[in-house]
Structures are given as C-alpha cells and as structure tokens.
Amino acid sequence: MAVERTLSIIKPDATRRNLTGKINAKFEEAGLRIIAQKRIQLTKAQAGEFYKVHAERPFYDELCEFMASEPVVVQVLEGEGAIAKNREVMGATNPADAAEGTIRAEFAESVGENSVHGSDAPETAAEEIAYYFSGLELVG
Ligand code: UDP
C-alpha cells in the first residue's frame, strides 16, 4: 500500500474538552505519523470555504458556526493507506453508529459535534492540506 498524507482537524468540541492528546494517541497507536500540526481559530467564512461542498445541506450554517466557535487543531497525518486508516480510527460520522474504540465512539458529542474531520479521498486530501499548510510546514 502506498504512503499517503491526509488532512485531519480536531474540532472545537474536542479542543474545548482538552482531548487533543488523547486523540493524537489514537492516531499514533494506529501507525499514523503527525507530520504537521497547528492550533488555529477559523473565522466562519474560512470554515464555510473549507466545507463549501456541503453549502446546500441543511446543517451547513450550524456546522460553520461550530467550526468557528473555538480553536481547532489542524494536522497532516502520514502513513500507509493513511486516508482510509484515519477514517477507520475516526469512526462513523454519527457517534451512535461509530465502532467501539474509535475516536467518535469515545469522544464525539453528536453527529455535528463529532470531534474530528478527516479527508475522504486522495484529491480532497491534497486540496485540504493545501488549504491549511504550505509545503515547508510538512515535515515527514
Ligand atoms: N454533519 C452534521 N449533520 C449531518 C451530517 C454531517 O452536522 O447530518 C457535519 C458533521 O460535523 C460532519 C460534517 O458535517 O463531520 C461533514 O459531513 P460528512 O458527511 O462529510 O461526514 P464526515 O466525512 O466528517 O464523517
């Protein structure tokens, strides 16, 4: 399997509850390397641009408000099959459906406030990494 990079976000519900370290432990235990990481405060407009694929969905406005409500930790994870592996470690979008041991099963508060974001495909991973990081910030 190829070594990939994927964009991860530790969302406001998790940073608020001081869960960054516990979530990072899950990534590292799964063999994902954190090759870039920073804590930032998104504006609602920046969150809206990032989630523009969901612009027509009923939850879009609430999602953008939430993502801008407190700081987030954006990070790049690297490893073999990192995109799918990260989705596995995250668990299903709705924590009620997330498999035992996943980040969302253990930490998410609701379908909206679900602790983490992870890219879903190689093209989106490349776009999302470029949205938050310059090449010089990726230290593999
Ligand atoms: N979301 C929501 N309500 C929904 C579905 C999604 O608030 O009914 C939010 C949730 O925070 C989710 C994000 O929108 O993580 C993006 O949705 P997507 O379907 O892409 O899920 P993900 O890839 O994050 O599992």
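Starting from 1, residues in each chain are numbered consecutively following that chain's sequence as written. Given that the model is predicted, a residue must reach a pLDDT of at least 70 before its local features are reported, and side-chain atom pairs must reach 80 or more before they are shown or counted; all residues, however, enter totals for whole chains, interfaces and linings. With hydrogens and water stripped out, all remaining heavy atoms of the structure feed into the side-chain values.

Taking an unreviewed UniProt entry as the reference, the protein chain is identified by name as Nucleoside diphosphate kinase belonging to Salipiger pallidus. UniProt positions are given in the numbering used here, feature names are shortened, and annotations may be inferred rather than shown by experiment. UniProt, in its Subunit (unreviewed entry) section for the protein chain, records the words "Homotetramer." Under the UniProt heading Sequence similarities (unreviewed entry), the note attached to the protein chain is "Belongs to the NDK family."

Participant: Mind showing me how you'd approach the UniProt feature "domain: Nucleoside diphosphate kinase-like" (unreviewed entry) in the protein chain here?
Facilitator: The sites that UniProt annotates as "domain: Nucleoside diphosphate kinase-like" (unreviewed entry) are residues 3–140. Where helices and strands are cited, they refer to DSSP runs of H or I of at least four residues and of E of at least two residues respectively, numbered from the N terminus. Between the first and last C-alpha atoms of residues 3–140 the distance is 11 Å; the span itself is 40% helix and 20% strand.

Participant: Please explain the site of the ligand as it appears in this structure.
Facilitator: Any residue with a heavy atom positioned within 4 Å of a molecule or strand is treated as near that molecule or strand. Near the ligand, the surroundings consist of K11, H54, F59, L63, R87, T93, R104, V111, G112 and N114. For the ligand, an oxygen atom lies 3.2 Å from a polar atom in the side chain of H54. Polar contacts, as used here, are pairs of N or O atoms within 3.5 Å; protein pairs need one atom able to donate a hydrogen and one able to accept it. Residues neighboring in sequence count only if both atoms are side-chain atoms. At 3.0 Å from an oxygen atom of the ligand is found a side-chain nitrogen or oxygen belonging to R104. Relative to its unbound accessible area of 500 Å², the ligand is 77% covered by the protein chains. Here the term charged refers only to Asp, Glu, Lys and Arg, the term nonpolar to Ala, Val, Leu, Ile, Met, Phe, Trp, Tyr, Cys and Pro, and the term polar to all other amino acids, Gly among them. Each residue belonging to the shell around the ligand can be placed in one class, and the counts come to 3 nonpolar, 4 polar and 3 charged. Areas reported as accessible are Shrake-Rupley estimates using a 1.4 Å probe. Residue values count occlusion only from the protein chains shown.

Participant: How do you make sense of the packing of aromatic side chains when you look at a structure like this?
Facilitator: Each aromatic ring pair is specified by the distance between its two centres and by the angle formed by the two planes. Put simply, two rings from Phe, Tyr or Trp (the six-membered ring, in Trp's case) pair if the centres are within 6.5 Å, and we call them stacked under 30 degrees between planes, edge-to-face over 60, tilted for the rest. According to the stated counting rule, one finds 4 aromatic pairs in the structure shown. Between F50 and Y131, the aromatic rings sit 5.9 Å apart at their centres with planes inclined by 35°, giving tilted as the arrangement. Highlighted residues: F50 in helix α3 (residues 44–50) and Y131 in helix α7 (residues 122–132), separated in sequence by 81 residues. Only protein chains enter the calculation, and the probe is 1.4 Å; a residue is then buried if its accessible area is under 20% of its type maximum, exposed if over 50%, and partly exposed in between. Overall, F50 belongs to the buried group, its relative accessible area being 11%. Here F50 and Y132 contribute two aromatic rings whose centre-to-centre distance is 5.3 Å and whose plane-to-plane angle is 55°, an arrangement assigned as tilted. On the criterion of sequence distance, the pair formed by F50 in helix α3 and Y132 in helix α7 is long-range, its members being 82 residues apart. Each residue in the set F50, Y51, Y131 and Y132 is aromatic and connected to the rest through ring pairs, giving one cluster.

Participant: Just to check I follow, could you spell out the pattern of salt bridges for this structure?
Facilitator: One side chain can pair with another of opposite charge once the charged atoms of both are near each other. Within this document, salt bridges are pairs made up of a side-chain nitrogen of Lys or Arg and a carboxyl oxygen of Asp or Glu, the two lying within 4 Å of each other. Counted according to the given criterion, the structure contains 11 salt bridges. The salt bridge partner of R16 is E70, with a shortest N-O separation of 3.6 Å. Pair noted here: R16 is in helix α1 (residues 12–16) and E70 is in the loop between α4 (60–67) and β3 (72–80), with a separation of 54 residues, a long-range link. In this structure, E137 and K38 form a salt bridge, with 3.2 Å as the shortest nitrogen-oxygen distance. Of this pair, E137 sits in the segment after α7 while K38 sits in strand β2 (residues 33–40), placing them 99 residues apart in sequence. Counted as one network, the salt bridges with shared partners bring together D13, R16, R17, E70, E109 and E113.

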